[in-house]
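One letter stands for each residue in the lines below.
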Amino acid sequence: MSMAIRFRSARIQAKREFRSTLTGPGIYVVLSLIFFGVSLGYFRNRLLEVAEQGVINILNPGQTPWFYAIGLAALYLGVCAAISISRERDMGTLEVLFYGPVDSLSYVMGKYAQQMMAFGVVLVFALINFYVVNTVTNLGMSNVLGLVVLSIFLTSAIISFGILLSALTKRMTVSIILFLGLNLFFFAFTTAHLFLQSLSAMGVELSPVFVFIRSLLDNTNFIVEWISPLSYFLRGSRALSMGDTGQYLLSLLSSAIYTVVALALSVGAFNWKGVRR
Amino acid sequence: MVKRLAAAILAVMLFVVPTALAQSPLTPDEMAAWDEERFEQLSSQGDPVKEEQLVYSVTPWSGPTIGRGTIAVKNQDTIYLMANRTNLMNARITDVYYWPITKEYMANWNEKNITVEGSLRIRQGNEIVATLEPETYVYYYRDTSSGLAEVVLGEEGVRLYEEYDAAMNEYWDISRAYYEAQMEHYSVLDAILRQVQETNEYVAEDEVPKSPRQPVPPSGYVYAPRTAFVVNLPAGRYQIEMVDPDGEVIPGTTKNLIVFEPRRLGVAYEVRPEATWTKYWYTHDPAEVLYLEGRRVFYLLPYGTEEYNVYQYNKSQNLHQPLYGEGLKSSWGWVPTNVIELDVKLQVLRDGEVVQEVPFKPYYVQQTAGFALGYIIHEYDQDNPIMYNRSPSFYGYKLDLEVPSGSYEIRLVDAEGNVLPGSAREIRSIRRDPGVYRTMYLVPLIPFVLGVAVYIRRRRLRPRAGTLPAA
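Per chain, residue numbering runs from 1 following the sequence as it is written. Chain letters and ligand numbers both follow the written order, the letters beginning at A and the numbers at 1. In view of the model being predicted, local features appear only for residues whose pLDDT reaches at least 70, and side-chain atom pairs are presented and counted only at 80 or more, with totals across whole chains, interfaces and linings using the full set of residues. As a convention, hydrogens and water are excluded, and side-chain values are obtained from all of the structure's heavy atoms.

Chemist: Residues and numbers for the overall build of chain A, please.
Modeler: Each helix is a run of H or I in the DSSP string that is no shorter than four residues. Each strand is a run of E no shorter than two, and both are numbered from the N terminus. From N to C terminus, chain A includes ten helices and one strand. Taken from the N to the C terminus, the helices and strands of chain A come in the order α-α-β-α-α-α-α-α-α-α-α. The principal-axis extents of the C-alpha atoms in chain A amount to approximately 65 × 45 × 35 Å. Burial classes follow relative accessibility: with a 1.4 Å probe on protein chains only, a residue under 20% of its type's maximum area counts as buried, one over 50% as exposed, and anything between as partly exposed. In chain A, which comprises 277 residues, the proportion classed as buried is 53%. Residues count as neighbours in contact if any of their non-hydrogen atoms are within 4.5 Å of one another. Put simply, 80% of the contacts in chain A that link residues at least 6 apart link residues at least 24 apart. Roughly 11900 Å² of accessible area belongs to chain A as shown, and the carbon and sulfur atoms make up 71% of that amount. On chain A, the mean spot of the 19 positive side-chain charges and the mean spot of the 11 negative ones are 14 Å from each other. We get accessible surface area from the Shrake-Rupley algorithm with a probe of 1.4 Å; when it comes to residues, only the shown protein chains can shield them. Charged residues are defined here as Lys and Arg on the positive side and Asp and Glu on the negative side; His and the ends of the chain fall outside this count. Taken as the charge centre is NZ of Lys, CZ of Arg, CG of Asp or CD of Glu, depending on the residue.

Here's what the structure looks like:
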C-alpha cells in the first residue's frame, strides 16, 4: 500500500473520530472536572497559604497546576485511545476495517492523529481556563509557550503509550487496567521519590529504613525516568524553569523518540498479533 | 496474555530490584563492618568499641560560615570536595568509634591525635596532579556578631592573628585601666553623695565627674594558626595518598577524591516579613515568585549561592555519617556562598522601568512596652537613645510594596550598574475577594456548558422515529 493511500486513510479515520469526540459530551465533562479540581485543590490552597503567611515564595507557580491539568487530560485521551482500539477489536469491526484500504500503519496513525487533534481542544480550553484564573487571582504564569509545546510532546508520549498497550492486549479491560495501573505507578513512584527527597531539604532526619527506601527509589529512578512519559515532562519543565534551552530541546526530542518508538512497536504488535478478536 | 504480561513485569522487577540493591547505601564491606560494630556494641552496651585508625580529618569549604568538619574513616574510600574552593585536610591517627545515637563515626581527638607526617599526593590515574605540603591557616571572623568567617592562608593569616592578639592585649590593658578608673569614679561619687547627705546642698551637674568610657573589644576574632593541606582543585576524579619523606606511599592513606562543581550560580534572599521578623526564610531560585497579600513590608538580605548535587554536597560535609545523603544522587540544592557586598543596590522595576532604588541599611527591633507581645522595626541610628550602645538587629533592603495588578521585579545592581546574575525575582500580590473565588470555580464550567450545548444540538439534529424519508 502506497504512503499516499495510507495518509489518506489515516486522515479520514482521524477526522471521522475527531468529529465524534467533538460532538460527544465526554471530553467537555472531563475537562470541567479536571479544571474544577485544580481550582479547588491548587489555586484555592495557594491563595489561602499567601493569606495565612502574608509573604511566601512559590517555585514555578504556573507549572504545577498546568502539569496536573494537562497530565490528567492526556491520561484521559490515552484511555480513550486504548478503549477505542480494544473495543474495535472486541467487536470485530477492526477486522472488517482491515479488509478495506487500511493497514496497521495507517490505523495506528489515524488513532494517534485523532487523539492529538482532541488534545488541541484540550489545549484551547486549558489556555482559556488558566489565563482567566491566573489573571483574576494575579497568581500569574510564565513560560506559557514553552509549557504548551512541552504539553504537546507529553500528551503525544502518553497517547502512543496507550495505543501500544491496547495493541498488545486483546481485551479492553486489560488494556485500560494496564494503562491506568502503569501510569498510576509512574505517578506514585515519582511522587514518593520527590517527597522523600524533599524531606531532606526540610531537614527531616529519616530512619535507616526510609533512607534505604529513598536510595532504592533514587537508583530505580534512573530506569523509570526512561519509561515513564511523566518523567519526560518533568525533565522538560525543569529545563524550562532553569532557562536551559539545550536540555529543554533534548527533552522534546526524547519525547518525540518515545512516541515514534511506541507507535512503531504498536504497528509491529498489530502485524504480529493480527486484528482478529 | 495476562500470564505473559505478569512474566514480563516479573522479569523487569528481577532486573530492576537487583540493580537498585546493587547500589544500596552500604557496600558489602561496609555492611560487614556495620554488623561487626553492632555486635561489639551489643556486648559493650553504652561504651562503644574504639579502634585506632589512620583517618583524614577534612574541613571542607562550607560557605560564609565555618563547618564543623568531617572525617574519612578507613572503610570510606571516597572523599568529596567542592571545586575551586579552599578545603583543608590532614591525615591523623586517632581512635574511631561508631556512635549509634547519632549514627555517625566519631574520633576521640582529645585522647589521641597524632599527625601523620608527610606530603599529600594527588593523582589522576598515573599522572601526579600535585604534591602538597602542610600550610598555615587561620579562621578569621571579620565581625563576630555576623558569624561569618573565612579561611586566611600563610603569612597573611599569621599577620591577622598577631594583629588580633595585639589588639586583644591592648583591650585587656585598657579594660584593666577602665575598671580601676571606674572604681575611682565610684569612690568620688560616694564622697559627693555623703557630702550632699551631710550638707543638704545639691552639687551642680557639671561638678559631678563623668564616668569613664567603657572600652569596646575588637569586633573580629582570629583563631590561632594551625597547619593543614590546602586542597583547591578543579572538578574531576582524583586519587589521594600520603607519601613519607622517602617518597613511599604510607599504607592506608589511598582514597578516591571526587571534586565537584555547581550546576548554577545565583543570588538567594533571606526574606524577613515585618510581621514575623524572626521567622525568616530563603528564596534561592530565580524561577521563584514572591507573593504578597495586600500591602506588605519585608526585608531582603542577599547571599551569593551555588546549586550543587545534594548527594555530593552532603558527603563533602558529613562523610562521618554513612547514611547521610544516601538516595539523593538525583537531587540538587542551593548552598549560600557569600554575603553580597554592601555597595550593591536593590532596584524595583515595573514594566521594565526602575521605580525605586533601595539602599542596604541596618535595622533595630524594639520590643513594645507592656506585657503583650509586639515590636517596632526602626532604621538603626546609634545616636537614638532607644538604640544607644546596642547593635543592629539585622541588615537588609526594606521593601514596602503593594501590587494591585500585574507584577514588580526586583534585582541587584552593582556600583557600575551591572545586574547581578540570578538576582531577579518577580513579586505579585494575590487577589482574594469573593468575586475571585466565584470566577475561579465558574470558569472551569465553560467546557461543561459547551458540552451540554453540543449534546442538545446533536439530539435536535438526530432524526426522530417516523421522520425518516421513505426509501
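Chemist: Go over helix H5 (residues 104-137) of chain A with me, naming the residues and quoting the values.
Modeler: The span expected for a helix works out to 1.5 Å for each residue beyond the first. Across its 34 residues, H5 of chain A extends 48 Å between first and last C-alpha, which sits within 8% of the 50 Å expected from 1.5 Å per residue. Directly after H5 of chain A, the chain includes Asn-138 of chain A, whose backbone phi takes a positive value near 65°.

Chemist: For the environment of Arg-264 of chain B, give the residues involved together with the corresponding values.
Modeler: Of note, Arg-264 of chain B is situated in strand E15 (residues 264-273). Expressed as a C-alpha distance, the spacing of Arg-264 of chain B and Trp-334 of chain B, which sit 70 residues apart in the sequence, is 8.8 Å. The residues contacting Arg-264 of chain B, other than those within four sequence positions of it, are Met-242 of chain A together with Asp-285, Pro-286, Thr-305, Glu-306, Glu-307 and Trp-334 of chain B. Only 3.0 Å separates the side chain of Arg-264 of chain B from the side chain of Asp-285 of chain B, close enough to count as a polar contact. The term polar contact refers here to a pair of N or O atoms within 3.5 Å; inside protein, the definition further demands a hydrogen-donor-capable atom paired with an acceptor-capable atom, and it admits residues adjacent in sequence only when both atoms are side-chain atoms.

Chemist: Help me get a handle on the pairing of strand E14 (residues 255-260) of chain B, residues and values and all.
Modeler: Residues and elements named next belong to chain B. In terms of residue burial, E14 counts as a mostly covered element, since five of its six residues are buried. Judged from the five bridges that link them, strand E3 (residues 78-82) and E14 form a sheet pairing that is parallel. The residue bridging Tyr-80 from the neighbouring strand is Ile-258, located in E14. Each pair of strands is called paired provided DSSP finds at least two bridges between the two strands. In the sheet, strand E13 (residues 236-243) pairs with E14 via five bridges, with the strands oriented antiparallel. Bridge assignment links Arg-237 to a residue of E14, and that residue is Ile-258.

Chemist: Any chance you could break down the sheet that holds E14 of chain B for me, citing the residues and the numbers?
Modeler: Residues and elements named next belong to chain B. The five strands are arranged E3-E14-E13-E7-E8 in an open sheet whose pairing can be described as mixed. Strands at the two margins of the open sheet, each flanked by one partner only, are E3 and strand E8 (127-132). When the angles between neighbouring strand axes are averaged without regard to direction, this sheet yields 30°. Angular values range over 0 to 180 degrees, each being the angle between N-to-C directions of two axes fitted as lines to C-alpha atoms, with helices fitted over their stretch in contact. Across the sheet, helix H4 (residues 310-317) lies against E3 and E14, angled at about 105° from E3, the strand it touches most.

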